[in-house]
Amino acid sequence: MRVTVDGITVRPAQGASLLAAVRLAGAELPTLCHDDRLTPEGSCRTCLVRSGGNVVAACVTPAVDGTVVEVAGDALRALRREAVEVIVAALPPYALDGGVDDRELARVCHAMGIAPQAAQGRGGRGRDDSHPYVHLDRDLCIACGRCVRMCAEVQGTFALTLVGRGADTVVAPGTGGPWAQSDCVACGGCVDTCPTGALTEPGLPLGGGTAAPARTVTRTVTTCGYCGVGCSLEVLTREGQVAAVLPDHEGPVNRGHACVKGRFAHGFLRSPERLTRPLLRRDGRLEPVTWQEALEHVARGLRAAVAAGGPDAVAVISSARATNEENYLIQKFMRVAVGTNNIDNCSRLCHAPSAAGLTASFGLSGGTDTFDDVETADCLLLVGANPIEAHPVIGARLLQKVLRGARLVVADPRAVGLARYADVHLRPRPGTNVALFHGLAHTLWAEGLADEEFLRRRAGGLPELLALLADYPPDRVSALTGVPAEDLVAAARLYGRAERPAIIYGLGVTEHLHGTDGVRTLANLAILRGAVGTARGFGVNPLRGQNNVQGASDMGALPDVLPGYGKVTDPLARSRAEDVWGAPVPGRPGMRIPEMFAAARAGALGALWIVGEDVCATDPDATRVAEALEACPLVVCQELFLSQTARRADVVLPAASWLEKDGTFVNFDRRFQRVRPALAPPGEAMTDFAVVHALASALGVDLGCRTPAEALAECGRVTPLFAGLSHERLDREGAIAWPCPDPRGPGEARLHRERFATPDGRAHLAACPYLPPGENPDDHYPVILVTGRRWAHYNSGGMTRRTGNILLDDTDRLDLHPADAARYGLRDGHPVTVESRHGRATLTASLSDDLVPGQVFCAFHFPSSGVNTLTSDHADTVTSCPEYKVTAVRLIPGPAAAARRGE
Ligand code: SF4
């Protein structure tokens, strides 16, 4: 297509607007109601051009072949200026002064020569400053609707609307009332797109918006340190403080979007509770000491532990919050300096079954496809995940996909998030996933929806699976799971008949007694359908929880594998590492996290080093975890704050946060992305990378790789999976997916296209029978508790509770069905004691139809509520991942003390 703009011929894409053609020609137009991410509206009339003899709004007029466009004529300029002047005239005088002078409207006025005095409105419409992160000045609203469309078309929350008539039209929460009580989830999209400064982030000392004065502000592009989505963020700092964190429009996953955590939850950085000096326990009290004293104490303790029990008397829990390079260095320290494989990370508590299950099915432990492909699927099977709250940017992208026509099957006990938009919502009883997946597989096969040619060529295990599936007809599966047989069949048909189906799943699949079986039997569906490793489907993709839980495992912070997943029992894998490290690598797998705690309680662990994990708040059966720490002679904890775990440590080392580090993270779809320090750590706090080096020095060991860049380069020599990656390349090219064996080749975002990575090159169907969960309700504990996340907080809440997010969600609530509330005498907003066979917690009852009777839900973002004293030590039989999703409990009105007294 050819379009001529003021005599310049350009070739816009099919379907492009005249605005796109004008921009291609290098001409500029004001576009006050336009944002490239949103449906064009053409309401502000500031982008007027002449085309075909008519004056039209360029943003809403399609370009067609042969169009001639006039932009530059004086008459057109006058029309555009008049449109802007009309808008400006209604605004109060301060609209164009310093407070908001870098907003788009101010820049447009400046370019057109419209003086600030043109703003002559009376104002008086008032403000809404009720929300911690989004403030509204109604007098600056020009009713362009960008915020409303951003909330609908990008975020998908539909929280905003335009109210009033004519000149009084203004944005408002759709629920009426103050912003703080609206449905707003504080993604910040409305603030970012607002062209006038009507919507601002409070306290932002930059004049608002993304265009802060360059002379005073440093901009650092880094990767979000909250969830595993891996949003690229632009951090604006001034005078050593974070002034704002904005979504990076070049971000490959987030594409200019973010959520309340990445966008706003940085206030913890300047919390007075930040640890800034090492602490050492003396006479039962943690006292500030120098780094030298702390490190010497730790080194002495490690030597004593090894002297008493050998290297395996030392263990480390590495961190999914830390960078790849830090995890690499920590596992090298343990294997080289201590001589043990006793290293694990919190993937043990979330996606260890994914690693085991996906490896068994496909040969590699990552999700099979890039999310960009998943987003082009025509049918989504979303299982055990609530991305709207736990992975908000992915949740928003999935929702938009569904709103534009993709079919959606949700399998989740709760009616949350995307379930409201599902074609079929399957609500299996917690703990019955394997039966559910077998029921779906049974129907796929019975109705001829399996791809037999694919199965013949590329899969193994079909006869065994078919023999097993004979026992899982819909009626039986319905009895096992509680899912109506017709819903099961409808879901299987949707997935089986789709052209390009994709599976996305979360911790609702993994955190079970048979979590690995869950992953494998879910993977069966993609294999049966021929929807993995082909162009006909987008595989099986886990949504990873913490920011770098994928990377921590990739780097070998696991007891049985080295960086790149070579088994420690494999002499070849060991010798490759030994060649690089110049030291022997122990060949016996180390302890998993639960085994570390058990060894500590048994007196067999002399030292436990915990990096950035609040195990006393997040690990199951927390009372027993605390007992383990009490029993261990030396507990070292690296943390930002004095967490529940740090309080029990013998040595507490102040750590740098993700905004103060250099390195890389790996997100949920296996992309390496750069992490860059926007600030220096406070006080004497150090990066985990520096701490590991300092501790190695205290033991007289030189770990080499002096910088994070050197560490990643060395890791690439240990494993071919990452051999093509480097900081320099990531800085130049942006995100790169692994496997990436070649510095000149691209990473493999799509896996298994030619062959699967299993030893025989075939996908492996799993014929594992359904087995019941570890906990079942009975007369004493009649209700099933499921735990998970809420949108405003992250994990144990150590960071988010110390930000404005606490004003959005200030307590751990227990969601329950009104019928259960009536049955147990509970009232909305009142305290409820939850008792399990393992512990007791006090929460606030929150009545909700999202739950079915007999099931309750809570998060564990507030350690003081003690939720993880409730959860059991039942764990996945393959990987030891805890059964967080099924705990039998009973509910008693009132707080725990009252419950104990029987009041
Ligand atoms: Fe993105 Fe997750 Fe960070 Fe939110 S928490 S900004 S979704 S990476």
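Cut-offs used in this document
- Residues numbered from 1 in each chain as written.
- Predicted model: local features only at pLDDT ≥ 70, side-chain atom pairs only at ≥ 80, totals over all residues.
- Heavy atoms only, no water.
- pLDDT = per-residue confidence, 0-100.
- Contact = heavy atoms within 4.5 Å.
- Buried < 20%, exposed > 50% of the residue type's maximum accessible area, 1.4 Å probe, protein only.
- Helix = DSSP H or I, 4+ residues; strand = E, 2+ residues; numbered from the N terminus.
- Pairing = 2+ DSSP bridges.
- Salt bridge = Lys/Arg side-chain N within 4 Å of Asp/Glu carboxyl O.
- Phe/Tyr/Trp six-rings, centres within 6.5 Å; stacked < 30°, edge-to-face > 60°.
- Lys NZ or Arg CZ within 6 Å of the ring centre and 35° of its normal.
- Near = heavy atom within 4 Å.
- Nonpolar A, V, L, I, M, F, W, Y, C, P; charged D, E, K, R; others polar.

Per-residue confidence for the protein gives a mean pLDDT of 94; residues scoring 70 or more make up 97%. Under a pLDDT of 50 for its full length, residues 206–212 has, in the predicted model, 23 contacts with residues more than four places off or in other chains.

Burial analysis of strand 22 (residues 501–505) places five of its five residues in the buried class, the great majority of the element. Here strand 22 runs beside strand 23 (residues 540–542); their pairing, made up of three bridges, is parallel. Note on strand 23: the bridge partner recorded for Y505 is P542.

This brings us to the environment of Y824. Position of Y824 relative to the elements: it lies in helix 30 (residues 818–824). Sequence separation between Y824 and R890 is 66 residues; the distance between their C-alpha atoms is 9.0 Å. Those residues within four positions of Y824 in sequence are excluded, and the remaining contacts are P782, V783, L891 and P893.

This next bit is on the pattern of salt bridges. Applying the stated criterion across every chain, the model contains 55 salt bridges. Across the salt bridge formed by E627 and R624, the nearest N and O atoms sit 3.4 Å from each other. Taken together, the positions of E627 and R624, both in helix 24 (residues 622–631) and three residues apart, correspond to about one turn of that helix. The exposure class of E627 is partly exposed, given its relative accessible area of 37%. Among the salt bridges present, the one from E835 reaches R840, with a minimum N-O distance of 2.7 Å. By relative accessible area, E835 is classed as buried at 8%. Among the charged side chains, a salt-bridge network with shared partners connects R255, D372, E375, R397, D669 and R671.

Enumeration over the complete set of coordinates arrives at twelve aromatic pairs. Note on F860 and Y884: the rings are 5.9 Å apart at their centroids and 25° apart in plane angle, and the pair reads as stacked. You can see F860 sitting in the loop between strand 35 (855–859) and strand 36 (887–893) and its partner Y884 sitting in the loop between strand 35 and strand 36, a full 24 residues away along the chain. Within the aromatic cluster, the residues linked to one another by ring pairs are Y565, F672, F722 and W738. Above the face of the F857 ring, R414 is positioned so that its terminal group lies 3.4 Å from the ring centre.

What follows deals with the site of the ligand. By nearness alone, every residue bordering the ligand is listed as C224, Y226, C227, V229, G230, C231, C259, K261, G262, P392 and V393. Of the residues that constitute the shell around the ligand, the class distribution is eight nonpolar, two polar and one charged.

Within strand 12 (residues 232–238), six of the seven residues are buried, leaving the element largely enclosed by the surrounding structure. Relative to strand 12, strand 11 (residues 218–223) runs antiparallel, the two being bridged by six bridges. By the bridge assignment for strand 12, T223 is matched with S232. The sheet contact formed by strand 12 and strand 13 (residues 241–247) spans six bridges and is antiparallel. In the strand pairing of strand 13, E234 is matched with L246. Hairpin connection between strand 12 and strand 13: a loop of two residues separates the two successive antiparallel strands, and E239 in this loop has a positive phi of roughly 50°.

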